[in-house]
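Residues per chain are reported as follows:
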Amino acid sequence: MRIVVKIGGSVLNSLETASWLHDVQSLVADRHHLMIVHGAGSLITEALARHHVATAFVNGQRVTTAEVITDVIREMRGTASMTVVSLCRQMGISAVGLSGADGQIFDAEMIDESLGLVGRVAAVRPQLLEKLWSLNMLPVITPVAPDIQTGQLLNLNGDWAASGLAQKLGASVLLFYTDTGGVRWDRSDPDSLMREITVRQAQDLIDQGRVAAGMIPKVQSAVEAVANGVGKVGIGRWCEPTMTTWVVRGE
Ligand SMILES: Nc1ncnc2c1ncn2[C@@H]1O[C@H](COP(=O)(O)OP(=O)(O)OP(=O)(O)O)[C@@H](O)[C@H]1O
Ligand SMILES: [Mg+2]
């Protein structure tokens, strides 16, 4: 079974780390064809502040100039990727850090000029991934990839990258790990986690402002994955499905 797991930068250095590592370990042990896509959390924002580069977000996507992409690549493909790879190593998992450019795994296409160097997943070539899976190795993907037309490296939102890859790889499962566990009815109340939301409810939650900020691209990209045939899409934890928000078809 092909499974795509997005590890939010928000859980890379927190107490939540143990839960996703445990889940990844059991999925690898079950010989699933697993791929991690990671985020960066505050690493990029901190690096930009150190370098006095201003940045802005439009609909949850970071406006990415030529100056910004340099820090994105450095922090994502460097610190964030190596953190995930070395955490996996501590659990006895052979992980390999790769961007879309490595082994030509995937290309991107620009979303909108106004966002600058920001892309979405375009062509995917799974040959290297299949090779790694056959060696029982775990690909850890940094969401940066070459523009399919020009080769210019583009920054991808991690949630949209995970969803795009899951769709194009025909994955059976797409799972997002984030600091809140799943989608909450009341974002400040951990007890209000919703066990299931339909595609229609997802849109309502966004319209009502209950789903906000970094949860918006997660829910929207989850909805797109459900609509395009990814069998099981959840925001939460594989080994404790009762603590997960499953996004399902329907009104
Ligand atoms: N209804 C909601 N339920 C849960 N979290 C919500 C909700 N609405 C907004 N959020 C926010 O979404 C955040 C998760 O998204 P965020 O982008 O910050 O993390 P991530 O995607 O895991 O990390 P990264 O973006 O670094 O990959 C939560 O910390 C929370 O503040
Ligand atoms: Mg996020």
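This report concerns the structure included in the present document. (Residues numbered from 1 in each chain as written. Chains lettered and ligands numbered in written order. Predicted model: local features only at pLDDT ≥ 70, side-chain atom pairs only at ≥ 80, totals over all residues. Heavy atoms only, no water.)

**Side note on the pattern of salt bridges**
If you walk through the whole model with that rule in mind, you get 10 salt bridges. A salt bridge links Arg200 to Asp204; the shortest N-O distance between them is 3.7 Å. In this pair, Arg200 and Asp204 both sit in helix 6 (residues 199-207), 4 residues apart, roughly one turn of the helix. Classification of Arg200 by relative accessible area gives partly exposed; the value is 43%. Salt bridges linked by common partners bring Lys6, Asp159 and Lys218 together as one network. (Salt bridge = Lys/Arg side-chain N within 4 Å of Asp/Glu carboxyl O. Helix = DSSP H or I, 4+ residues; strand = E, 2+ residues; numbered from the N terminus. Buried < 20%, exposed > 50% of the residue type's maximum accessible area, 1.4 Å probe, protein only.)

**Looking at the site of ligand 1**
Close contacts around ligand 1 come from 21 residues, with Ser10, Gly41, Thr178, Asp179 and Lys218 the closest. Between Ala212 and ligand 1, the recorded distance is 3.1 Å, taken from a backbone N or O atom to a nitrogen atom. In a pocket analysis with a 2 Å cut-off to the grid points, ligand 1 is assigned to the largest pocket. A breakdown of the residues in the shell around ligand 1 according to their chemical character gives 6 nonpolar, 9 polar and 6 charged. (Near = heavy atom within 4 Å. Polar contact = N/O pair within 3.5 Å; in protein donor to acceptor, adjacent residues only side chain to side chain. 1 Å grid on protein atoms, 1.4 Å probe; cavity = no way out; pocket = protein on both sides within 12 Å on 5 of 7 lines; lining within 4 Å. Sits in = over half its atoms within 2 Å of the grid points. Nonpolar A, V, L, I, M, F, W, Y, C, P; charged D, E, K, R; others polar.)

**Topic: the packing of aromatic side chains**
By convention here, two paired aromatic rings are described through the distance between centres and the angle between planes. Scanning the entire structure with this criterion turns up 0 aromatic pairs. Over the aromatic face of Trp185 sits the side chain of Arg210, whose NZ or CZ is 3.8 Å from the ring centroid. Sitting above the plane of the Trp246 ring, Lys232 keeps its charged end 4.1 Å from the centroid. (Phe/Tyr/Trp six-rings, centres within 6.5 Å; stacked < 30°, edge-to-face > 60°. Lys NZ or Arg CZ within 6 Å of the ring centre and 35° of its normal.)

**Remarks on empty space enclosed by the protein**
Inspection of the entire model under this criterion finds 1 cavity of 30 Å³ or more. Of the volumes computed, that of the largest cavity is approximately 30 Å³. Around the largest cavity sit Val11, Glu16, Ser19, Tyr177, Thr178, Gly181, Gly236 and Arg237, which together line it. Here the residues of the lining of the largest cavity are counted per class, giving 2 nonpolar, 4 polar and 2 charged. (Points joined across faces, edges and corners; volume = space filled by probe spheres on them.)

**Quick look at the nonpolar core**
In terms of nonpolar packing, the biggest core is built from 43 residues, with Met35, Phe106, Ile141, Leu165, Leu174, Val183 and Val219 touching the most fellow members. When residues in this core are grouped by element, the largest group, 6 residues, is from helix 7 (residues 215-227). With 25 residues, the next largest nonpolar core counts Ile3, Ile7, Ile36 and Leu87 among its residues. (Core = buried A, V, L, I, M, F, W, Y, C linked by side-chain atoms within 4.5 Å.)

**Notes on the packing of helix 5 (residues 158-168) against helix 7**
Two numbers describe how helix 5 lies on helix 7: the axes approach to 8 Å, and their chain directions differ by 10°. One way to sum up the angle between helix 5 and helix 7 is to call them roughly parallel. Counted together, Asp159, Trp160, Ser163 and Gln167 of helix 5 and Pro217, Lys218, Gln220, Ser221, Glu224 and Ala225 of helix 7 form the full contact between these two elements. Its residues assigned to classes, the contact of helix 5 with helix 7 comprises 3 nonpolar, 4 polar and 3 charged. (Axes fitted to C-alpha atoms, helices over the stretch in contact; angles between N-to-C directions. Parallel < 35°, antiparallel > 145°, perpendicular 65-115°, else oblique. Contact = heavy atoms within 4.5 Å.)

**Description of the sheet that holds strand 14 (residues 245-248)**
If you trace the 8 strands from one edge of the open sheet to the other, you get 5-8-2-1-11-13-14-12, paired in mixed fashion. The sheet is open, and its two borders are formed by strand 5 (95-99) and strand 12 (196-198), each paired with just one other strand. Geometrically, the sheet is characterised by an average inter-axis angle of 25° between neighbouring strands, direction not taken into account. Taken together, the 5 bridges between strand 1 (residues 2-7) and strand 11 (residues 173-177) define a ladder with parallel strand orientation. Its bridge partner lying in strand 11, Lys6 is registered against Phe176. Each of strand 12 and strand 14 is contacted by helix 6, which is oriented at about 90° to strand 12, the strand it contacts most. Relative to strand 13 (residues 232-235), helix 7 is tilted by about 170°, and along the sheet it contacts strand 1, strand 11, strand 13 and strand 14. (Pairing = 2+ DSSP bridges.)

**Points about the pairing of strand 1**
Of all 6 residues in strand 1, 5 are buried; the element is thus mostly enclosed. Bridge analysis of strand 1 against strand 2 (residues 33-38) gives 6 bridges, and the strand direction is parallel. Residue pairing in the sheet places Val5 in a bridge with Ile36 of strand 2.

**Some points on helix 5**
For helix 5, a buried count of 9 out of 11 residues is recorded, marking the element as mostly surrounded by other parts of the structure. Once helix 5 ends, the next one or two residues include Gly170, with phi positive near 65°.

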